[in-house]
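The lines below spell out each chain.
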Amino acid sequence: MQTRAAPLTVAVASGKGGTGKTTVATSLAMVAAGTGRPVCFFDADVEAPNGHLFLEPEIAREGPVRLLVPEVDADRCNGCGRCAELCQYGAIIAVGRRAIVLADLCHGCGGCALVCPERAIRDRPRPIGTVVEGRADTLAFVSGRLDIGQALAPPVIRAARRRLPRNTTVIVDAPPGTSCPAVHAVRGADVVVLVTEPTPFGLHDLELAVDMVRLLEIPIGVVVNRADGDSADVERYCRDQALPVLASLPEDRRVAEACARARLTVEALPEYGPAYLELWQRIEELAA
Amino acid sequence: MKELVVVSGKGGTGKTSVVAALATQAGRLVLADCDVDAADLHLVLAPAVQQAHPFSGGKRARVLAETCTGCGTCEEVCRFDAVRRVAAGADGSQVAFAIDAVACEGCGVCVAFCPAGAIAFETVTNGEWYVSQTRCGPMVHACLGAGAENSGKLVTLVRQRARALAAEELIGLVLVDGPPGIGCPVIASLSGADAALIVAEPTAAGLHDFERIAALAAHFDVPAYLCANKWDLDPENAARLEGLAAERGLPCLGRVRYDHVFRRAQRQGRSVLEIGGDGAAEDLRTLWRNLEPLISASETALPVLGSTARA
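Residues numbered from 1 in each chain as written. Chains lettered and ligands numbered in written order. Predicted model: local features only at pLDDT ≥ 70, side-chain atom pairs only at ≥ 80, totals over all residues. Heavy atoms only, no water.

Brief notes about the overall build of chain A
Helix and strand counts for chain A stand at 11 helices and 11 strands. In terms of its C-alpha atoms, chain A occupies a principal-axis envelope of roughly 70 × 40 × 35 Å. A sequence separation of at least 24 residues applies to 74% of the contacts in chain A between residues at least 6 apart. Taking the average location of the 31 positive side-chain charges in chain A and that of its 36 negative ones, the two points are 8 Å from each other. (Helix = DSSP H or I, 4+ residues; strand = E, 2+ residues; numbered from the N terminus. Contact = heavy atoms within 4.5 Å. Lys, Arg positive; Asp, Glu negative; His and termini not counted. Charge placed at Lys NZ, Arg CZ, Asp CG, Glu CD.)

Describing the interface of chain B and chain A
Opposite the 61 residues of chain B that make contact, chain A presents 64 residues. Taken together, both faces of the contact between chain B and chain A bury some 5,100 Å²; the carbon and sulfur share is 54%. For the chain B face of the interface with chain A, the top three residues by lost area are Arg79, Arg212 and Arg263 of chain B, together amounting to 14%. Applying the counting criterion to the chain B and chain A interface returns nine salt bridges. In this structure, Asp100 of chain B engages Arg187 of chain A in a salt bridge whose closest nitrogen and oxygen atoms are separated by 3.0 Å. Applying the counting rule to chain B against chain A returns 37 residue pairs in polar contact (both at pLDDT 80 or more). Elements with a contribution of two residues or more to the side of chain B that touches chain A: α1 (15–23), α2 (42–45), α4 (109–113), α6 (184–190), α7 (204–219), α8 (235–247) and α9 (261–267) of chain B. Residue contributions to the side of chain B that touches chain A peak at eight residues, all from α7 of chain B. Broken down by class, the residue content of the side of chain B that touches chain A amounts to 27 nonpolar, 17 polar and 17 charged. (Buried area = accessible area lost by both parts, 1.4 Å probe. Salt bridge = Lys/Arg side-chain N within 4 Å of Asp/Glu carboxyl O. Polar contact = N/O pair within 3.5 Å; in protein donor to acceptor, adjacent residues only side chain to side chain. Nonpolar A, V, L, I, M, F, W, Y, C, P; charged D, E, K, R; others polar.)

Overview of the nonpolar core
Judged by nonpolar contacts, the single largest core of 123 residues is most densely connected at Phe42, Leu194 and Leu206 of chain A together with Leu190, Ile198 and Phe210 of chain B. Every residue in contact with Phe210 of chain B, bar those within four places of it in the chain, is listed here: Ile198, Ala200, Leu226, Leu241, Leu244, Ala245 and Leu250 of chain B. Of all hydrophobic cores here, the second largest spans 39 residues; its members include Ala20, Ala195, Phe262 and Leu284 of chain B. (Core = buried A, V, L, I, M, F, W, Y, C linked by side-chain atoms within 4.5 Å. Buried < 20%, exposed > 50% of the residue type's maximum accessible area, 1.4 Å probe, protein only.)

Quick word on the side chain of Thr203 of chain B
In this fold, Thr203 of chain B is placed in the loop between β9 (195–200) and α7. Of the residues examined, Thr203 of chain B reaches a relative accessible area of 6% and is grouped as buried. Here Thr203 of chain B is in contact with Cys259 and Ala260 of chain A together with Leu233 and Asn237 of chain B, once residues within four sequence places are set aside.

What to know about the sheet that holds strand β9 (residues 191–196) of chain A
Residues and elements named next belong to chain A. Strand order in this open sheet of nine strands is β3-β6-β7-β2-β8-β1-β9-β10-β11, and the pairing throughout is mixed. Of all the strands in the sheet, the pair left with one neighbour each is β3 (58–72) and β11 (245–250). Each strand axis lies, on average, 20 degrees off the axis of its neighbour in the sheet, ignoring direction. As paired elements, strand β1 (residues 9–13) and β9 share four bridges and run parallel to each other. (Pairing = 2+ DSSP bridges. Axes fitted to C-alpha atoms, helices over the stretch in contact; angles between N-to-C directions.)

Quick word on the sheet that holds strand β8 (residues 173–177) of chain B
The strands that make up a sheet are held in pairs by hydrogen bonds between backbone atoms, and each pair lies either parallel or antiparallel. Residue and element names in this part refer to chain B. Read across the sheet, nine strands follow the order β3-β6-β7-β2-β8-β1-β9-β10-β11 without closing on themselves; strand pairing throughout is mixed. The sheet terminates laterally at β3 (48–63) and β11 (252–256), the two strands that pair on one side only. Sheet twist, expressed as the mean angle between neighbouring strand axes with direction ignored, is 20 degrees. Of the pairings in the sheet, the one linking strand β1 (residues 2–7) to β8 comprises five bridges and is parallel in character. By the bridge assignment, Lys2 is partnered in β8 with Leu173. Strands β1, β2 (30–33), β3, β6 (119–134), β7 (137–144) and β8 of the sheet are contacted by helix α5 (residues 151–168), whose axis makes an angle of about 165 degrees with β7. The strands that helix α11 (residues 280–291) touches are β1, β8, β9, β10 (224–229) and β11; relative to β11, the one it contacts most, it runs at about 175 degrees.

Side note on the packing of helix α1 (residues 21–34) of chain A against helix α11 (residues 273–287) of chain A
Residues and elements named next belong to chain A. Taken N-terminus to C-terminus, the directions of α1 and α11 make an angle of 85 degrees; their axes are 9 Å apart at the nearest point. Here α1 is positioned roughly perpendicular relative to α11, judged by the angle of their axes. On α11, the residues that touch Thr23, Val24, Ser27, Leu28, Val31 and Ala32 of α1 are Tyr276, Leu277, Leu279, Trp280 and Ile283. Here the contact of α1 with α11 is composed, by residue class, of nine nonpolar, two polar and no charged. (Parallel < 35°, antiparallel > 145°, perpendicular 65-115°, else oblique.)

Following this line, the structure appears as structure tokens:
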């Protein structure tokens, strides 16, 4: 089989949580790596990263993610309040003749430091998470992890993305949902695979996810996971929206039990190999 | 009045199904769906919307092409990779700039520093919130536009409105369907709540993410309880899960078995309790029986069985 000239970035996302993104993304990455091309698994679900449980990578490198958060030099601050006027997040406020930083609200935009006429504000790096890099056999592995108590996932996703190897096929395990963390995980992908389940919650959230990805103008393919013979509603929706269903994986308690032990589907149940290989091929076709 | 927030860490553990099951057993309560970017509770509770309000999550910058001089200051100051170079001029040979609306985080720095005043800073209405009636009681819920910022702000609004409604109508319980994860919308759902019910599943990922959400609840001093859902999928992991909870002083209030009734109920737009049966429905009745005395609207502090939860 010919290797595509330009390596693909495939984001595996969903609207609803628990539909099987990590389950699908990890097996897909293994199967793609099995075709001989260089592949990297990118765990962009930085709030609840699970890829490492399935892939058990050897970690080569771990580094902190830091957000640049302002620090006010009280001696230089004259309480003019221009920083507070600029800040859209209420993260720096003028109280009396001083500016006070509420670091937990800060998005790290740097505006207050730039606007301060007394040059009383400096940016200080504040750790908010970590990025790890490693390998699991033939697969490269990069994962972000948000520190508990920190609010902002996107800076950790961005920092992890900067560690991705070049000229490599990337399978991105995205977080659930449709707001800014999911958008940051999916941005820049060549194809988005939306994993759904044939239930009312699954379909409702799939529709939201499709709206989100369409804003980013990236081709979409759907994987119906845990299919139980009653997929008519989701199939009709996909037809109406001209969304290709790239795979339909059956409800299979053996898969659930393998996942419970963080076992890759394609290793615990090799009979799923062909289905995942076909999914990979259909993803390539969609991207072409 | 007590506010109980149902969270999970990992997505798909059954928060919304458990909330619906509790709602159909509890007496008077106010419901709040705080999973604002993928809200599903309305699919079971069929709310009749009585009030709808627009929500603005912030502003977006937009370059006014005709005024842009192509100086590139916006690109220099933007920390969110939201500025793109575009071709401009009659022959497309000049450089101008444009803001990627999806990447823009609405910080306003480019707006403040553009020397030509060529960047508009516009409030974006990117969501809606609702006050509705359901067969279980009043419900406050919302939807946030795709890719929107500031879901935390909308979550906070939904909670505040739900609590205000409960106070106005002398209702003793606010039950919140929380989002997955541990980031900004979850923090907004949890902080200041009276208690958290963590719905966890006995899988490697479920255990891993349980630890994270339990630590988050402790970080915000919110007493937490465990509901082990789909527990018989992997009894060994279920025991491990309860062990992790016990180490943190979190009582396990319910063990709900894996049961096809969850899917059947969802497809019928009903809660598991309304479908009934002897399986998971019975487990959910036990859950409520254990939970109710802990969140009854008394003036005393919540009694936490075992020791106080710690980080």
